[in-house]
Amino acid sequence: MFLIHCPYCAEHREEDEFHAVGQAHLPRPPDPDAMTDEQWGDYLYFRKNPRGEHRELWVHAAGCRKYFNVARNTQTYEIYATYKVGDTLDLGDDPQAGATGSALNRRSG
Amino acid sequence: MSNKQADVAVMDQYLRADTAPAMERPRTALAHVAPAVRHASESGAGDDGNPARHTADGALSLEEKPVTGLLTLRAGAHRESLATALSATLGLVLPERLSSESAGNEVCVRWMSPDEWLLSCPLQDAFDLECRLRSAIDGHIAIVNVSGGYSILNLSGSAAQNVLKKSTAYDVHPDNFMPGKVVNTLMAKAQVVLRCVESDRYEIIVRRSFADYLWLWLQRAGREHDLR
Ligand SMILES: [Zn+2]
């Protein structure tokens with residue numbers, strides 16, 4: 001059992017209901033025509049692969065089918081918090097969100 | 001308005017009662033289960049010939065509902081318009097997160113997602129209801145008749161909760177899963193819409209291609225309670 005909090009269903013659900021989609025917070029460049037091929041290629045294909053804190057997009061595939069953001073640790077698998085697309089979340093230098101991030105989840109509503 | 005209805009009719013899979021040719025009741029996803037069981041056991045079929053299994057002591061009952069009208073309602077920015085149409089047409093409020101609203105035993109609207117709801121009604125009413133909703137709606141809203149795509153199972157009795165516990169990771173304890181609550185979740189790896197209708201009575205809506213698999217799973221899960 002590994003429970004993930006869906007900010008749209010506002011409940012913790014079994015991980016089987018979710019899929020990871022990739023790195024979160026990738027705004028589309030406002031003026032693609034002004035970019036070099038290299039910049040455009042970086043935007044399309046290059047992703048961070050950190051060891052430690054990371055922000056990812058996940059989807060509640062077997063539930064409400066909404067995409068949301070996850071702040072988690074790729075080394076320990078700890079999830080600091082989940083929050084809706086369009087929201088931001090500042091964990092600071094030292095995330096104190098607790099093992100499931102549920103305290104932060106409650107705060108972000 | 002009449003134009004609007006004509007447009008809908010082309011896309012709709014069930015015609016209105018007054019225009020439809022006399023047709024047999026559509027076969028449910030599990031229609032093949034009932035006859036096979038009538039041979040094996042006297043009490044295999046439900047009152048309507050739909051597949052059903054019961055325990056002798058009444059502690060557990062599993063049956064498939066006859067084909068039911070199902071409408072998927074989607075509304076984002078114009079959700080207020082859908083709410084108004086729903087209350088004008090059926091006297092129902094648009095359900096909030098993880099909840100459902102019912103009118104009698106036959107009509108129920110379930111929350112599926114922040115911008116999606118699932119409405120069930122008697123099959124013969126689905127087309128008229130769709131038309132009435134469309135004429136009452138003013139805005140960017142989608143209504144799709146998905147009646148043919150699903151099978152609806154009813155699981156009830158004092159042992160029903162135990163069978164659910166073996167089948168889904170969702171917390172079905174009455175403290176968490178109370179009457180009226182609806183969740184989209186996995187049951188034996190199949191995606192379902194699970195609703196607590198009332199205490200010890202649950203409704204499972206599953207894609208019809210998964211219905212046979214889930215039926216066999218639940219039948220097996222009920223074996224410890226002598227479901228037959
Ligand atoms: Zn969800």
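I will try to describe carefully the structure that is included in this document. (Residues numbered from 1 in each chain as written. Chains lettered and ligands numbered in written order. Predicted model: local features only at pLDDT ≥ 70, side-chain atom pairs only at ≥ 80, totals over all residues. Heavy atoms only, no water.)

**Observations concerning the interface of chain A and chain B**
How big an interface is tends to be stated in terms of accessible area lost as the parts join. Rules: Whether two residues are in contact is decided by their heavy atoms: any pair within 4.5 Å suffices. Two parts lose some accessible area (1.4 Å probe) when they are put together, and adding that loss for both gives the buried area. One side-chain nitrogen of Lys or Arg within 4 Å of one carboxyl oxygen of Asp or Glu is enough to make a salt bridge. A 3.5 Å cut-off defines polar contacts: any pair of N or O atoms within that distance qualifies, except that in protein one atom must be a possible hydrogen donor and the other a possible acceptor, and neighbouring residues in sequence count only when both atoms are side-chain atoms. Throughout this entry, Asp, Glu, Lys and Arg are counted as charged residues, while Ala, Val, Leu, Ile, Met, Phe, Trp, Tyr, Cys and Pro are counted as nonpolar. The remaining residues, Gly among them, count as polar.
Contact residues are listed per partner, giving 16 residues for chain A and 18 residues for chain B. Around 1,300 Å² of area is buried between chain A and chain B when both sides are counted, 49% of it from carbon and sulfur atoms. Counting across the chain A and chain B interface gives three salt bridges. Lys181(B) is paired through a salt bridge with Glu11(A); the nearest N and O atoms lie 2.5 Å apart. Across the chain A-chain B interface, the total number found is eight residue pairs in polar contact (both at pLDDT 80 or more). Residue composition of the side of chain A that touches chain B, by class: eight nonpolar, one polar and seven charged.

**Some details on the coordination of the zinc ion**
What counts is decided by this rule: Water is not part of the atom set, so a site may look incomplete; the donors themselves are N, O and S atoms within 2.8 Å of the metal, or 3.2 Å for Na, K and Ca. Only four donors with every angle between 85 and 135 degrees are called tetrahedral; only four or six donors with opposite donors over 155 degrees apart and all others between 65 and 115 are called square planar or octahedral, in that order; all others are irregular.
Here the zinc ion is held by Cys6(A) (SG), Cys9(A) (SG), His60(A) (ND1) and Cys64(A) (SG), and the distances to it run 2.0 to 2.4 Å. Relative to the metal, the four donor atoms surrounding the zinc ion lie at angles of 105 to 116°, and the coordination shape comes out tetrahedral.

**Regarding the pairing of strand β2 (residues 11-14) of chain A**
Residues and elements named next belong to chain A. Rules: Strands qualify as paired when DSSP identifies two bridges or more between them. The helix and strand labels rest on DSSP assignments: H or I over at least four residues marks a helix, E over at least two residues marks a strand, and numbering proceeds from the N terminus.
The pairing of strand β1 (residues 3-6) with β2 spans four bridges and is classified as antiparallel. Paired with Cys6 across the two strands is Glu11, which belongs to β2. Counting the residues in the hairpin turn of β1 and β2 gives four residues, including Ala10, whose phi is positive at 55°.

**Here we look at the pattern of salt bridges**
All names here are of chain B. Keep this limit in mind: Burial status follows relative accessibility: with a 1.4 Å probe on protein chains alone, a residue under 20% of its type maximum counts as buried, one over 50% as exposed, and anything between as partly exposed.
Scanning the entire structure with this criterion turns up 16 salt bridges over all chains. Among the ionic pairs, Arg74 bridges to Glu116, the shortest N-O distance being 3.4 Å. Of this pair, Arg74 sits in strand β3 (residues 69-75) while Glu116 sits in strand β6 (residues 116-121), and the two are 42 residues apart along the sequence. Using a relative accessible area of 6% as the deciding quantity, one classes Glu116 as buried. Across the pair Glu198 and Arg201 runs a salt bridge whose closest N-O atoms are separated by 4.0 Å. With relative accessibility at 43%, the residue Glu198 sits in the partly exposed group.

**Here's the deal with the packing of aromatic side chains**
As a reminder of what qualifies: Here a pair means two rings of Phe, Tyr or Trp (six-membered ring of Trp) with centres within 6.5 Å. Their orientation is stacked below 30 degrees between planes, edge-to-face above 60, and tilted elsewhere.
Scanning the entire structure with this criterion turns up five aromatic pairs over all chains. When the centroid spacing of 5.8 Å and the interplanar angle of 85° are considered together, the rings of Phe18(A) and Phe68(A) count as edge-to-face. Placement of Phe18(A) in the loop between β2 and β3 (19-23) and of Phe68(A) in strand β5 (residues 67-73) is noted, with a sequence separation of 50 residues between them. Using a relative accessible area of 0% as the deciding quantity, one classes Phe68(A) as buried. Judged by centre distance (6.5 Å) and plane angle (55°), the ring pair of Tyr213(B) and Trp217(B) falls under tilted. On the criterion of helical spacing, the pair formed by Tyr213(B) and Trp217(B) is a turn pair, its members being four residues apart in helix α6 (residues 208-221). Of the residues examined, Trp217(B) reaches a relative accessible area of 33% and is grouped as partly exposed. Three or more aromatic residues link up through ring pairs in this structure, and these residues are Tyr170(B), Phe177(B) and Tyr202(B).

**Describing the packing of helix α5 (residues 160-167) of chain B against α6(B)**
Residue and element names in this part refer to chain B. Our working rule: All axes here are fitted lines through C-alpha atoms, helices being fitted over the stretch that makes contact, and every angle between N-to-C directions spans 0 to 180 degrees. Oblique is the label for every angle not falling under 35 degrees (roughly parallel), over 145 degrees (roughly antiparallel), or within 65 to 115 degrees (roughly perpendicular). Definitions for this section: a left-handed crossing has its near helix turned counterclockwise from the far helix by less than a right angle. A right-handed crossing has that turn clockwise.
In contact at an axis separation of 10 Å, α5 and α6 are set at 120° when each is read in the N-to-C sense. Comparing the axis directions of α5 and α6 gives the class oblique. Between α5 and α6 lies a crossing of right-handed hand. On α6, the residues that touch Val163, Lys166 and Ser167 of α5 are Trp217, Leu218 and Ala221. Residue composition of the contact of α5 with α6, by class: four nonpolar, one polar and one charged.

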